[in-house]
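Breakdown of the fold
As a plain string of letters, each chain reads:
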Amino acid sequence: MLKDITLGQFFPGKSFLHKIDPRTKIISALLYIVAVFLCDSIMSFIILLVATLILIAMSGVPIKIIVKGLKPLIFILAFTTIYNVFFYKGDTPPLVHWKFITIYAEGLVFAVIMALRIICLLAGSSVLMTYTTSPIMLTDGIERLLSPLNKIKAPVHEFAMMMSIALRFIPTLVEETDKIMSAQKARGADFNSGGLIKRARALIPVLVPLFISAFRRASDLAVAMECRCYRGGSGRTRMTKTRFGARDAFLFIAILLLGTAIVLSNIYSYYFPIWLT
Amino acid sequence: MSVPFIKVEDLIFTYDDEDSIDKHYVLKNLSLEIEKGSFVCVLGHNGSGKSTFAKLLNMILSPDEGKIYIDGFDITNPDITEDDLFEIRRKVGMVFQNPDNQLVATIVEEDVAFGPENLGVEPSEIRRRVDSALETVGMSEYATHAPHRLSGGQKQRVAIAGIIAMQPECIIFDESTAMLDPQGRAEVMNTIAKLNSEQGITVIHITHNMDEAVKADRVVVINEGEIFLDGTPKEVFSNVEKLRRAGLDVPQVTELFYDLSHHGVDLPSDILCEEEGAEILSAWLKK
C-alpha cells in the first residue's frame, strides 16, 4: 500500500504541454496561480474554468486521473464549503432561516467560488507542471531558471541534483520503512496503542535502522555515480535539449491573455448582467 | 601476443585492523592478466578480497603497492589526472550489488542517460545510445517507467543499460546477481553473456555462485587475498577437494558426479552442465 504513492505524479505522454520547456511551464504555472487569485467576478471564474479545461485537454491527462489527484483536497473543500454556506453573512434577506441556521444566497455563491478556486488552483498548476513534466525535467528547469545565481557562486547544480535524488529515493525509503516496521512488529513492537509520546517512542527502533541504511545507500550511490563519470555540473550535457520555441511563446501568450481577461472582467464586471457579478 | 586489456602486478591492499597493530591484508601480491573480449568469473567467499579487487580496477580504491594497467595505461601512476580517471571509468564500467542504490533518476531512460550526460555527449547521440542500450538489455518497453516499480532483475538490467550507454570496453559486475531471485539472476546472466558474445565487451563477473561461473571462459578463484585457482571452468572445478578446503563449493552437478565417481561408480568427474550430466546419468542408468 505504501508502495503505491505516486511522486511528482508524472503522467508520461507526448502532448502539447509535455513538449514545452520546463522553464516555460514553471513560469506559466506561477502566472496561472496569480491569475487564479485575481479572479473576483463570476465572469472571471467562467473564463478561468474554461481556460483550465483547455489546459487539461492540451495535457492529454485523463480527467479521471486529475479527479483522483484532487482527492486529498476533499477535507479542505468540504470545510471551506460548509464554512461559507453557513457562516457567510450577506446583505440580502437570507434564503433559509431556521432556528440557528441562516443561509444567504451570497454564501452559496461564495462557497462555490472558493471551491472552484481551490480546484482550479491545484488542477491547473499540476497539469502545467507535475503531470506533464518528469521530476528530472522539473529540477532541470529549476536549475536553469536559477542558473544566474551561479554568478554569486550559489551551488545551483548541486541543489537540483540533490532534489532529484531525494525524489528518486523517497519511494525506496518508504518501502524500507514498511519493511523495518514489519520486522519490528514481528518481534512484538507495538505502534498502534498508547498516547502520543508512547507512539513516538515506539518509532525510535524504526528510525535508527532507517537512518543507518539511508547513509549506506548514500555512500553506495556516491560510488556508483562516480563510476558513471559524474563530476558535477561542468561539462555535462542533457539528453533532452530544451529550447524556447513557438510552443513556449504560445503558452506564454495564452497565460498572459488569461490574466488580462481576468483582470478586465473584474474591472468591467458591471457591464455584465447583475447575476454575473 | 597482444597487450592484455587489464594487467595487474603484485597488488597489495591493506587496511588498519582495529583489534591489532598489524595491518589486515585484503590482497597480497595479486598478479593477473585479462585478455580483451574475455569473460572472466572471479570467485571467492566473503572477505576473500574479490570485491576489493574489483574496486581497484577503476580506482575507486587505490592499492598500497603494485601496478594496474588498463589498456596499457598505468592507473596507479601518482601523477594521474582527473581526466585520465574519467577516461578509465568510461572504459571500465561497473555494476554493483544493490540495484536500488545505483539508479539516480526517477525515469528509466533518464537514468540510462546519466552516464553519457556526464561524459558530455551530444543530446541526439545520447538519445540514440539510450535507445540502443535499453534495446540490448530488453527493457525498451519500460523506458518511461519509474525504477521503483520494476523487479530486481529489471532494475539491474537498467543499471547495465546505464553502463552500456557509456560505451565501455569492459564491464565489472560486482556481485550484481547476489540480491536477485532465480529469475532475475537468469535475466541478468543472459544479458551479461550477450554483451560478451555479441558486443565483444570484456566481462569480469564477481560472484560466489558457482553455477554462474560455469558460463565463463575463465574462472579465477581468490582466497585470502591470493589467486587460488585460475583456468577454464572445467580445470578449476576438477579441484573439488581443494575448493572444499578453501570453503568453496563446486556446481551441484559437478559435486554429484565427483562423489559418484569417488564411490567407485564409473562416471566422469568433470561434468559442469546440468543437461550434459542428465544425459550421461540416464544413459548409465539404462545400462
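Here the residue index of a chain counts from 1 through its sequence in written order. Chain A is the first chain written and ligand 1 is the first ligand written, with later ones labelled in order. Whole-chain, interface and lining totals are the exception, using all residues; otherwise, since this is a predicted model, local features are given only for residues with pLDDT of at least 70 and side-chain atom pairs are given and counted only at 80 or more. Only heavy atoms go into the side-chain values, all of them from the structure, while hydrogens and water stay out.

**Description of the overall build of chain B**
Strands here mean DSSP runs of E at least two residues long; helices mean DSSP runs of H or I at least four residues long; both are numbered from the N terminus. For chain B, the count of helices and strands is 11 helices and 10 strands. For 287 residues, the compact-globule formula gives about 19 Å, and the C-alpha radius of gyration of chain B, at 20 Å, lands near that figure. Considering only C-alpha atoms, chain B reaches an extent of 65 × 50 × 45 Å along its principal axes. For this analysis, residues touch if any pair of their heavy atoms sits within 4.5 Å. Looking at chain B alone, contacts between residues at least 24 apart form 63% of all its contacts between residues at least 6 apart. Per-residue and other accessible areas were derived by the Shrake-Rupley procedure at a 1.4 Å probe size, with only the shown protein chains allowed to occlude residues. Summed over its atoms, the accessible surface of chain B is roughly 12600 Å², and 47% of this surface lies on carbon and sulfur atoms. On chain B, the mean spot of the 26 positive side-chain charges and the mean spot of the 51 negative ones are 3 Å from each other. Based on C-alpha atoms, the radius of gyration is set beside the globule rule, defined as 2.2 Å times the residue count to the power 0.38. Note that His is not counted, nor are the chain ends; the positive residues are Lys and Arg, and the negative ones are Asp and Glu. The atom standing in for a charge is NZ when the residue is Lys, CZ when it is Arg, CG when it is Asp and CD when it is Glu.

**Some words on the interface of chain B and chain A**
A common measure of how large an interface is: the accessible area buried when the components associate. With 41 residues of chain B in contact, the opposing surface of chain A contributes 37 residues. Buried area is a sum: the accessible area each of two parts loses on coming together, probed at 1.4 Å, counted once for each and added. When residues of chain B are sorted by the area they lose upon contact with chain A, Asn101(B), Glu117(B) and His148(B) head the list and together hold 20% of the total. Each reported salt bridge corresponds to a side-chain nitrogen of Lys or Arg within 4 Å of a carboxyl oxygen of Asp or Glu. Counting every contact that joins chain B to chain A gives six salt bridges. Among the ionic pairs, Arg238(A) bridges to Glu117(B), the shortest N-O distance being 3.5 Å. N or O atoms within 3.5 Å of each other form a polar contact, as long as, within protein, one can give a hydrogen and the other can take it, and as long as residues adjacent in sequence are counted only when both atoms are side-chain atoms. Linking chain B with chain A are 15 residue pairs in polar contact (both at pLDDT 80 or more). For the side of chain B that touches chain A, the secondary-structure elements that each account for two or more residues are helix H2 (82-91), helix H3 (108-119), helix H4 (123-136) and helix H5 (152-164) of chain B. In terms of residue count, the dominant contributor to the side of chain B that touches chain A is H3(B) (11 residues).

**Concerning the pattern of salt bridges**
Enumeration according to the criterion identifies 28 salt bridges over all chains in this entry. The salt bridge involving Asp140(A) is made with Arg144(A); its shortest N-O contact spans 3.9 Å. A residue pair is termed a helical-turn pair when its members lie 3 or 4 positions apart in one helix, as Asp140(A) and Arg144(A) do in helix H6 (residues 135-146) at four residues. Note on classification: 1.4 Å probe, protein chains only; a residue is buried when its accessible area is under 20% of the maximum for its type, exposed when over 50%, partly exposed between these limits. We classify Arg144(A) as partly exposed; its relative accessible area is 28%. Across the pair Asp131(B) and Arg127(B) runs a salt bridge whose closest N-O atoms are separated by 2.9 Å. Of the two residues, Asp131(B) and Arg127(B) are both situated in helix H4; the distance of four residues between them amounts to about one turn of the helix. The exposure class assigned to Asp131(B) is partly exposed, which follows from its relative accessible area of 37%. On the basis of relative accessible area, Arg127(B) is assigned to the partly exposed category, the value being 28%.

**Focus: the packing of aromatic side chains**
Residue and element names in this part refer to chain A. To pair, rings of Phe, Tyr and Trp, with the six-membered ring standing in for Trp, must have centres within 6.5 Å; the planes then decide the type, stacked if under 30 degrees apart, edge-to-face if over 60, and tilted in the middle. What the rule picks out here adds up to six aromatic pairs over all chains. Pairing Phe16 with Phe250 gives two aromatic rings, centres 5.7 Å apart and planes at 85°, and the pair type is edge-to-face. Pair noted here: Phe16 is in the segment before helix H1 (22-38) and Phe250 is in helix H10 (residues 246-267), with a separation of 234 residues, a long-range link. For the cation-ring pair, Arg23 lies above Phe244, with the distance from its terminal atom to the ring centre recorded as 4.4 Å. In this analysis the charged atom, NZ for Lys or CZ for Arg, is taken to sit over a ring once it is within 6 Å of the ring centre and within 35 degrees of the ring normal. The residue whose ring lies beneath Arg168 is Phe169, and the NZ or CZ to ring-centre distance is 4.4 Å.

**Things to note about the pairing of strand S7 (residues 170-174) of chain B**
Residue and element names in this part refer to chain B. Across the five residues of S7, five count as buried, placing the element largely inside the fold. The two faces of S7 match: Cys170, Ile172 and Asp174 on one face and Ile171 and Phe173 on the other face are all buried. What makes two strands pair is DSSP finding at least two bridges between them. Bridge count between strand S6 (residues 92-95) and S7: four bridges; the pairing is parallel. Pairing of Met94 across the sheet is with Ile172, part of S7. Judged from the five bridges that link them, S7 and strand S8 (residues 202-207) form a sheet pairing that is parallel. Its bridge partner being in S8, Ile171 is matched across the sheet by Val203. Viewed with both strands pointing away, a crossover whose connecting path from the first strand over the helix to the second turns clockwise is right-handed. Handedness of the β-α-β unit built from S7, helix H6 (residues 182-199) and S8 comes out right-handed.

**Some thoughts on the packing of H1(A) against H6(A)**
Residues and elements named next belong to chain A. As a rule, the C-alpha atoms of each element are fitted with a line to give its axis, helices using only the stretch in contact, and angles between N-to-C directions run from 0 to 180 degrees. Relative to each other, H1 and H6 sit at 80°, their axes nearing to 8 Å. Regarding the angle of H1 to H6, the classification is roughly perpendicular. In contact with Pro22, Arg23, Ile26 and Ile27 of H1, H6 contributes Met137, Leu138, Gly141, Ile142, Arg144 and Leu145. In the scheme used here, Gly and all other residues not listed as nonpolar or charged are polar, with Ala, Val, Leu, Ile, Met, Phe, Trp, Tyr, Cys and Pro taken as nonpolar and Asp, Glu, Lys and Arg as charged. Taken together, the residues of the contact of H1 with H6 break down into seven nonpolar, one polar and two charged. What sets the label is the angle itself: under 35 degrees gives roughly parallel, over 145 gives roughly antiparallel, 65 to 115 gives roughly perpendicular, and the rest give oblique.

**Observations concerning helix H4 (residues 74-87) of chain A**
Because each turn of an α-helix spans 3.6 residues, side chains separated by three or four positions end up pointing in the same direction. All names here are of chain A. What a helix should span is 1.5 Å times the count of its residues minus one. For H4, spanning 14 residues, the distance from its first C-alpha to its last is 19 Å, which sits close to the expected 20 Å at 1.5 Å a residue. Every buried residue of H4 is listed here: Leu77, Thr80, Asn84 and Val85. Take H4 and look down its axis: the buried residues cluster within an arc of 125°, on one side only. Away from its buried face by more than 90 degrees, H4 exposes Phe75, Phe79 and Phe87. On its buried face, H4 is in contact with strand S2 (101-103) and helix H5 (105-128). The directions considered for the arc run from the helix axis to the C-beta atoms.

**Concerning the sheet that holds strand S5 (residues 73-74) of chain B**
Residues and elements named next belong to chain B. Taken in spatial order, the four strands make up an open sheet running S2-S1-S4-S5, and their pairing is antiparallel. Edge positions in the sheet fall to strand S2 (23-34) and S5, since each of these pairs with one other strand and no more. Here strand S1 (residues 6-16) pairs with strand S4 (residues 65-70) via five bridges, running antiparallel. Bridge pairing links Ile12 to Glu65 in S4. The strands touched by helix H1 (residues 50-57) within the sheet are S1, S2 and S4, with S1 carrying the most contacts at an inclination of about 120°.

**Regarding the side chain of Lys50(B)**
With respect to the element layout, Lys50(B) can be found in helix H1. Among residues more than four places away in sequence, those in contact with Lys50(B) are Val42(B), Leu43(B), Gly44(B), His45(B), Glu175(B), Ile206(B), Thr207(B), His208(B) and Ile222(B).

**Observations concerning the nonpolar core**
The definition of a nonpolar core used throughout is a set of buried Ala, Val, Leu, Ile, Met, Phe, Trp, Tyr and Cys residues joined through side-chain atoms within 4.5 Å. Among the nonpolar cores identified, the biggest contains 49 residues, and Val112(B), Leu134(B), Ile160(B), Ile171(B), Phe173(B), Val221(B) and Phe237(B) are the most heavily contacted of them. Looking at this core, the element that brings in the most residues is H5(B), giving six residues. If we ignore the near neighbours within four places in the chain, the residues touching Ile160(B) are Val95(B), Val137(B), Phe173(B), Val188(B), Thr191(B) and Leu195(B). Ranked by size, the runner-up nonpolar core spans 33 residues in total, among them Cys227(A), Ile6(B), Cys170(B) and Ile206(B).

**Focus on unusual backbone geometry**
Positive phi is not limited to glycine here, since Lys153(A) has a value of about 65°. Note on placement: Lys153(A) falls in the loop between H6 and helix H7 (156-186). Positive phi, close to 60°, is recorded for Met59(B), a residue that is not glycine.

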